[in-house]
Structure formats: structure tokens, C-alpha cells
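# Summary of structural features
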Amino acid sequence: MTSDFHTTLHSLRVWDTPLPGFDADAAPDGPLDLFREWFVQAARAGQAEPHTMSLATVDADGLPDVRVLMLHDADERGWHFASHATSAKGRQLAAHPVAALCFYWPAVGRQVRIRGRVGACGPEESRADLAVRSRGALAAALTGRQSEVLGSAGELLRASEAAWERAGAEPDAPAPTWTRYVLAPAEAEFFQGDAARRHTRLRYRRTPAGAWTRELLWP
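Residues numbered from 1 in each chain as written. Predicted model: local features only at pLDDT ≥ 70, side-chain atom pairs only at ≥ 80, totals over all residues. Heavy atoms only, no water.

All of the buried residues in helix 5 (residues 135-143) are Ala137, Leu138, Ala139, Ala141 and Leu142. Close packing links the buried residues of helix 5 with strand 4 (78-84), helix 4 (123-131), helix 6 (153-169) and strand 7 (178-192). Positioned one or two residues after helix 5, Gly144 has a phi angle of 65°, which is positive. (Buried < 20%, exposed > 50% of the residue type's maximum accessible area, 1.4 Å probe, protein only. Helix = DSSP H or I, 4+ residues; strand = E, 2+ residues; numbered from the N terminus. Contact = heavy atoms within 4.5 Å.)

Written out as C-alpha cells, the structure reads:
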């Protein structure tokens, strides 16, 4: 098995298809417009689930934690996502309201990294976030207890079935701990891969006055 792992690992290649170019000098003044443009291009290039992203937080001991979740929006306020306030990420954000996001779109050889402070939206906006999602998403939110220790698979099955039935009967059922969050970017980096490893890295940084500065980084 170890031999198979190493043989497979070292046989893999990246970016074996033509990649788009990126003229950093022509990039917009702020990161939001460029992110939206790259997002659409990734989706049109066939990238599966371009709205999934890694979210990194820190726990009470200062140890990093990361998981993959879905982007709910990106606007002038920041990058939006949602979870239970009682989940591990929710508790970590309550104690340390800073986080980092990373999008990776191998279909176009691009990644976007964003860092900043995270704020929790109010109950009304959080309820509206859940209201527009699927019955399955509501059922999962109603099941609750995210990140808690699970006694058995049967326990989850029973709770999930009950939540699914309730979601069908009450499509506006409240999930009190469901919270929408917004990461307000202080820094955003756009990475365009290059087969010759001459990658382009453009970083935006917000100044104390609220404007954006841009700078290229060595790959």
C-alpha cells in the first residue's frame, strides 16, 4: 500500500491543459470585481463546485483549524458563509473573529486567498439565509449539534429523519443557532498558475484609510 501511494503520488501532474492568462496590470482597483470575474470564468471552464472554499480559524489554544464549506455571497461587505454558532467554527469565531478563506480552481490553475475579520449577521438575515436553501439544508440545520460527539450512526439516522420530516412540514421552521457570517477582507491574493512555474501572484491590501493597494509577489 505504501508503494502504491508513493507511485501514485509521484505520477500525478498539474495543469496539463492550456491555462488562461492574467494581466495583473489590468486588474481592477479592488478584489471583489476580480473575484467575481474569476469565479464566473472558473464555472464556465467546467470547474466542479467553484463555490466551495476552505475556511481557516484558530481555536482557544491558538491552533489552526480548517474545513471546506460553501460560499453564500460575495459583495461590498465581504465574503459570506453560514454555520451553527454552536459548531466548532462558530465557537472559534466568537472567541477569535478572524479567519482566512482559500478557493482553488484547478480547471483554470487559479486560487484566491482572503484574510480578514469575521462578523456574525443578525437573526433576521441568518433566517433569510436558511430560507432560500433546500429542504435538505434546512433538515441538516434542524438536526443541529454540529461538531458534537456522536454516539452512533443510528442516533444520527433517527435525528436526521425527524428533521427531514419537520423540514417538509415546516419549510420556515426556525434553527436558532444557524448564523450567517461575513468575512470583511483586509488582504486578498490572486494566484494564476503557469506551466513553466512563472506564476502570477497579485495581492491586494487594505490601507488604514480603507483604500486598496496592489503588489506583485514572487512565486
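Counting 30 residues, the largest nonpolar core has Phe35, Trp79 and Phe103 as the members making the most contacts within it. Residues in contact with Phe35, not counting those within four places in the same chain, are Leu71, Ala74, Trp79, Phe103, Trp105, Val112 and Phe190. Counting 11 residues, the second largest nonpolar core, distinct from the first, contains Ala82, Leu138, Ala139 and Ala173. (Core = buried A, V, L, I, M, F, W, Y, C linked by side-chain atoms within 4.5 Å.)

So, about the pattern of salt bridges. Under the criterion given, the structure shown has 11 salt bridges. Of the charged contacts in the structure, one is a salt bridge between Arg180 and Asp129, with a shortest N-O distance of 2.7 Å. Taken together, the positions of Arg180 in strand 7 and Asp129 in helix 4 put the pair 51 residues apart, joining distant regions of the chain. Each member of the pair, Arg180 together with Asp129, is buried. (Salt bridge = Lys/Arg side-chain N within 4 Å of Asp/Glu carboxyl O.)

Attention now goes to the environment of Arg91. Checked against the element boundaries, Arg91 lands in helix 3 (residues 88-95). Given a relative accessible area of 47%, Arg91 falls into the partly exposed group. For the pair Arg91 and Leu150, spaced 59 residues apart in the sequence, the C-alpha separation amounts to 18 Å. Non-local contacts of Arg91, meaning those with residues more than four positions away in its chain, are made with Ala85 and Thr86.

Remark: a regular strand shows side chains that alternate across the two faces of the sheet. With six bridges connecting them, strand 8 (residues 200-206) and strand 9 (residues 212-217) associate as antiparallel partners. Residue Leu202 lies in a different strand from strand 9, and its bridge partner there is Leu216. Adjacent in sequence and paired antiparallel, strand 8 and strand 9 are bridged by five residues, among which Gly210 carries a positive phi angle near 100°. (Pairing = 2+ DSSP bridges.)

Our focus in this paragraph is the packing of aromatic side chains. Under the defined criterion, the tally for this structure stands at 12 aromatic pairs. Taking the centre distance of 6.3 Å and the plane angle of 40° together, the rings of Trp15 and Phe191 count as tilted. With Trp15 in the loop between helix 1 (2-11) and helix 2 (31-44) and Phe191 in strand 7, the pair connects residues that are 176 residues apart, well separated along the chain. Look at Trp15 and you get buried, because its relative accessible area is 16%. A relative accessible area of 12% means that Phe191 is categorised as buried. Above the ring of Trp38, the side-chain terminus of Arg110 is found at 4.1 Å from the ring centroid. (Phe/Tyr/Trp six-rings, centres within 6.5 Å; stacked < 30°, edge-to-face > 60°. Lys NZ or Arg CZ within 6 Å of the ring centre and 35° of its normal.)

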